[in-house]
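Listed here are the chains, written in short residue letters.
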Amino acid sequence: MAEIIPLHRDHSRLFHQNRYVYPVVSRRSGGISVGINLNPDKVCNFDCIYCQVDRRSEAETNFVGTEQLLAELDEVIELVTSGRLWEDEKFGATPQAFRRFNDIAFSGDGEPTTFRNFDLIVNEVAQRKMKAGLDQVKMVLITNASMFHRPACQRGLAVLMAHQGEIWAKLDAGTEEYYHLIERTRIPFARILENILDVSLRWPVVIQALFMNVAGVPPTEAEISAWLGRLKDILSAGGQVSLVQVYTVARPPAEAIVTPLSDAEVDHIVKRVQQETSLTAQGYYGSRTSS
């Protein structure tokens, strides 16, 4: 199981004077992940109850400056590959085991695939990665899977997967009711399920599932069973799932009613995945307790 270290709790999207590109020590990638924030305006088509982004605050900008984004990416890539990142006050404490460049991730303060030029920016980033000789560095999309049906997103996914890509698709619920409690969106649950299946028929996907206490109440065993049923539906239809990431909140959410599950509760869900499906599951903790 993946334990948490202090740097894992800090996924700040502010790095020096950058607006769009930021390095983080990622517990799920096991190394340095260079994030690309395509939603600095904090606009998202989900309003997840556990998100650390406070969407009540004013956004700084409502557009993405592509030239600035790519310049920031070049600079951060150079910092990581040269080792100068470890001279930074924040990153100097990074354990040796995490001082590896794992991926460039499309993530940020909202759903990255809502960016209207998603396919174009993915292509530009892929070109930068190749130019820097980073053949082994992955390109990761961290997504709620809501836009997979759109042509620009489909084109972007094809480029991503041609350049050591991984699609990490959110699936936090098994039932419609729980989905709306957690994600708070107008997008039907059926759309998410259809999109994940459609993409998984073309490429393997990583399922990312975040479970938590809501006002002190964890997901019920019935809800976990329903969620497992959704995974089984994907597999029975011929979908490919390379990994299931079971995790809980590790950074302070915007809403105080959300608290992390214990390590034992995370382990229990992981065990159910392993026992009831053919899938590989990995647990990620929000605390160091095991009770």
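Quick note: structure is the one above.
Being a predicted model, the structure only gives us computed values, none of them experimental. (Residues numbered from 1 in each chain as written. Predicted model: local features only at pLDDT ≥ 70, side-chain atom pairs only at ≥ 80, totals over all residues. Heavy atoms only, no water.)

It is worth spelling out the overall build of the protein chain at this point. Along its length, the protein chain carries seven helices and 10 strands. The C-alpha atoms of the protein chain give 18 Å as radius of gyration, which agrees with the globular expectation for 291 residues (19 Å, within 12%). Considering only C-alpha atoms, the protein chain reaches an extent of 50 × 40 × 40 Å along its principal axes. The buried share among the 291 residues of the protein chain stands at 54%. Considering only residue pairs separated by 6 or more positions, the protein chain has 76% of its internal contacts joining residues 24 or more positions apart. Approximately 12900 Å² of the protein chain is accessible, and the part contributed by carbon and sulfur atoms is 50%. Averaging the coordinates of the 30 positive side-chain charges in the protein chain and doing the same for the 36 negative ones gives two points 2 Å apart. (Helix = DSSP H or I, 4+ residues; strand = E, 2+ residues; numbered from the N terminus. Rg over C-alpha atoms; globule rule 2.2 N^0.38 Å. Buried < 20%, exposed > 50% of the residue type's maximum accessible area, 1.4 Å probe, protein only. Contact = heavy atoms within 4.5 Å. Areas by Shrake-Rupley, 256 points an atom, 1.4 Å probe, with all protein chains shown as cover. Lys, Arg positive; Asp, Glu negative; His and termini not counted. Charge placed at Lys NZ, Arg CZ, Asp CG, Glu CD.)

A pair can form between side chains of opposite charge whenever their charged atoms are brought close. Within this structure, the stated rule accounts for 10 salt bridges. Note that arginine 84 and glutamate 78 form a salt bridge whose closest N and O atoms lie 2.5 Å from each other. For aspartate 172, the salt bridge identified is with lysine 170, shortest N-O distance 3.6 Å. Owing to a relative accessible area of 2%, aspartate 172 belongs among the buried residues under this scheme. Connected through salt bridges with shared partners, the residues Asp47, Arg184 and Glu255 form a single ionic network. (Salt bridge = Lys/Arg side-chain N within 4 Å of Asp/Glu carboxyl O.)

Moving on to the pairing of strand β5 (residues 165-170). Among the six residues in β5, five count as buried, and that is most of the element. In the sheet, strand β4 (residues 138-143) pairs with β5 via five bridges, with the strands oriented parallel. By the bridge assignment for β5, isoleucine 142 is matched with tryptophan 168. Handedness of the β4-helix α3 (residues 151-161)-β5 crossover: right-handed. Strand direction decides the pairing type here: β5 and strand β6 (residues 205-210), joined by four bridges, are parallel. Looking across to β6, one finds that lysine 170 is bridged to glutamine 208. (Pairing = 2+ DSSP bridges. Right-handed = clockwise from strand over helix to strand, strands pointing away.)

What follows concerns the pairing of strand β1 (residues 21-26). Most of β1 sits inside the fold, with six of its six residues counted as buried. Where burial is concerned, the two faces of β1 agree: the one with Val21, Pro23 and Val25 and the one with Tyr22, Val24 and Ser26 are both buried. A loop of four residues connects β1 with strand β2 (residues 31-37), the two strands running antiparallel in sequence, and glycine 30 in this loop sits at a positive phi of about 70°.

Pairing in this open sheet of eight strands is mixed, and the strands run β1-β2-β3-β4-β5-β6-β8-β10 from one edge to the other. Both outer strands of the open sheet, β1 and β10 (281-284), are each paired with one neighbouring strand and no more. Strand-to-strand twist of the sheet, defined as the mean angle between neighbouring strand axes without regard to direction, takes the value 25°. The pairing of β6 with strand β8 (residues 241-247) spans six bridges and is classified as parallel. Its bridge partner being in β8, valine 205 is matched across the sheet by valine 241. Running over the sheet, helix α5 (residues 189-200) touches β5 and β6 and is turned about 160° from β5. (Axes fitted to C-alpha atoms, helices over the stretch in contact; angles between N-to-C directions.)

Let's shift gears to the environment of lysine 42. Tracing the backbone shows lysine 42 in the loop between β2 and α1 (66-82). Note on lysine 42: relative accessible area 24%, which makes it partly exposed.

Right, let's get into unusual backbone geometry. Here lysine 42, not a glycine, exhibits a phi torsion of approximately 65°, which is positive. Backbone geometry places alanine 215, a non-glycine residue, at a positive phi of 55°.

Of all the residues in helix α4 (residues 176-183), the buried ones are Tyr178, Tyr179, Ile182 and Glu183. Viewed along the axis of α4, the buried residues span an arc of 110°, placing them on a single side of the element. Considering only its buried residues, α4 is in contact with β5, α5, β7 (212-214) and α6 (221-236). Phi turns positive, to about 50°, at arginine 184, one or two residues after α4. (Arc of directions from axis to C-beta.)

For the rest of this paragraph, the subject is the nonpolar core. With 86 residues, the main nonpolar core has Phe106, Trp227 and Val244 as its most contacted residues. When residues in this core are grouped by element, the largest group, seven residues, is from α1. Here valine 244 is in contact with Ile207, Trp227, Leu231, Val273, Leu279, Thr280, Ala281 and Gln282, once residues within four sequence places are set aside. (Core = buried A, V, L, I, M, F, W, Y, C linked by side-chain atoms within 4.5 Å.)

This next bit is on the packing of α6 against helix α7 (residues 263-276). Contact pair α6 / α7: the axes reach a minimum separation of 11 Å and the direction vectors enclose 40°. Put simply, α6 runs oblique to α7. Crossing hand, α6 versus α7: right-handed. Contacts from Glu221, Ile224, Ser225, Trp227, Leu228 and Lys232 of α6 reach α7 at His268, Ile269, Arg272, Val273 and Glu276. When grouped by side-chain class, the residues that make up the contact of α6 with α7 number five nonpolar, two polar and four charged. (Parallel < 35°, antiparallel > 145°, perpendicular 65-115°, else oblique. Left-handed = near helix turned anticlockwise from the far one by under 90°. Nonpolar A, V, L, I, M, F, W, Y, C, P; charged D, E, K, R; others polar.)

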